[in-house]
Amino acid sequence: MNLPVGYSYSTVYAGIRKKKKNDLALIVSEPAASAAAVFTTNLVQAAPVRLGRDHLKASKGKVKAVLINAGNANCATPTADKVTLETCKAVAREGGKWPVNQVIPSSTGVIGVDLDPKLITNALPALFQGLSTDRFQDVADAILTTDLVPKTASEEVQLKAGSIRIAGTTKGSGMIQPNMATTLGYVMTDAVLTPAQLKTLLKTAVDRSYNRLTVDGDTSTNDTVLLLANGASGVKPTVKEMKLIGDALNRIMESLAEQIARDGEGARKCITIRVSGATSDTEATRIARAIANSPLVKTAIAGSDANWGRILSAAGYSGAKFDPAKVNISLQDVLVCKKGMAADFDEPQLQKLLDQPDCSIDFSIAGKGKGQSKFWTCDLTEGYIEINGSYRT
């Protein structure tokens, strides 16, 4: 991977989750990084989300360390706020009197269960001792919950003053719904960028990636996507080169979002939805989201059933305005609906195509509309019920 310089990583098993698998991760930047973040818009927000937002504001967008635990959401308990602040203070002390507001906390796991802060604070010496520049993949593994595979992406971008690197990791398999931020995501670069520049870059990238992703239509209480830039490369992009940085960031985060859809709880198929011809990109995204969130569409794809009527119906209740008589729908590049009516196609052959692990839905509206959107989701299978029927136990 093209890892940015100036970052070190570590993980340990702190005993937070039942299974003996590393559940505590640390990312440290040297020097302190400029930062921007988006957080869940759920009214119920975990303590790490609230404190992380406050810390970014107080530090004026500077981050020295990111502390992440898996197995407990640290949400909706009487001690959640105290635990979050106590563990951030402990990280700042262990690091060498770092500013506490430069420590960003993240948690993922079960809601409503008290988190013993000693599990974290007692593990910090080993966590710091294990810091290394080559343990990025360990962090990607440690933050997983019901995920089956770690999710990472990176790029190197050549600029006039030299090359910069961008790398990201994310977790997410269930409780995934596009709503400002989805799941946990951490993206680092060694470019010289300000918090204001990162905020602009992150908003665009999130809108094109995490906000165009859904597994089950649920928005978590802990969603956090953090973008860091420590300037350790010494390379400062010119105004014109900012587009190159933005394009690379978009590709990385789109890849991370697609990887989440591919690893959806119980999923056997990754579904890519493309909408074109809408009156605006916003309207196109509204249609795509409705199709992606439809249990009927997702189960049809699970069963390799070319039931295009479910797709048209979902678009119809999306709230977007369009003429159904101008709609064409294709599955796996096979036209199944023409001008809002059934098209002739070889159903047995299409069923074989839909048996593949990658499925595509193209929803096109004829006319002068230029709005388009690309969305990722997965099929809905009995595996999703099995996982979530016993999540706490």
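In this text the structure is predicted, and so the values were computed from the model without any measurement.

### Topic: the pairing of strand β8 (residues 224-229)
Counting buried positions along β8 yields 6 of 6 residues, so the element is predominantly enclosed. Alternating positions in β8 separate into two faces, Thr224, Leu226 and Leu228 on one and Val225, Leu227 and Ala229 on the other, with burial throughout. Across 6 bridges, strand β2 (residues 24-39) lies against β8 in antiparallel orientation. Paired with Ala37 across the strands is Leu226, a residue of β8. Bridge analysis of strand β7 (residues 184-189) against β8 gives 6 bridges, and the strand direction is parallel. Directly across from Met188, in β8, lies its bridge partner Leu228.

### A word on the sheet that holds strand β10 (residues 327-331)
Read from one edge of the open sheet, 6 strands run β12-β11-β10-β13-β9-β14, paired in mixed fashion. Strand pairing shows two members of the sheet lacking a second neighbour, β12 (341-342) and β14 (371-378), which therefore form its edges. Note that β10 and strand β13 (residues 358-365) share 5 bridges and pair antiparallel. Following the sheet pairing, Ser330 is matched in β13 by Asp362. The sheet strands contacting helix α10 (residues 308-316) are β10, β11 (334-338), β12 and β13, and the helix crosses β10 at an angle near 130°. Packing against the sheet, helix α11 (residues 347-354) makes contact with β10, β11 and β13, and its axis sits at approximately 115° to β11.

Criteria and thresholds
Residues numbered from 1 in each chain as written. Predicted model: local features only at pLDDT ≥ 70, side-chain atom pairs only at ≥ 80, totals over all residues. Heavy atoms only, no water. Buried < 20%, exposed > 50% of the residue type's maximum accessible area, 1.4 Å probe, protein only. Helix = DSSP H or I, 4+ residues; strand = E, 2+ residues; numbered from the N terminus. Pairing = 2+ DSSP bridges. Contact = heavy atoms within 4.5 Å. Axes fitted to C-alpha atoms, helices over the stretch in contact; angles between N-to-C directions.

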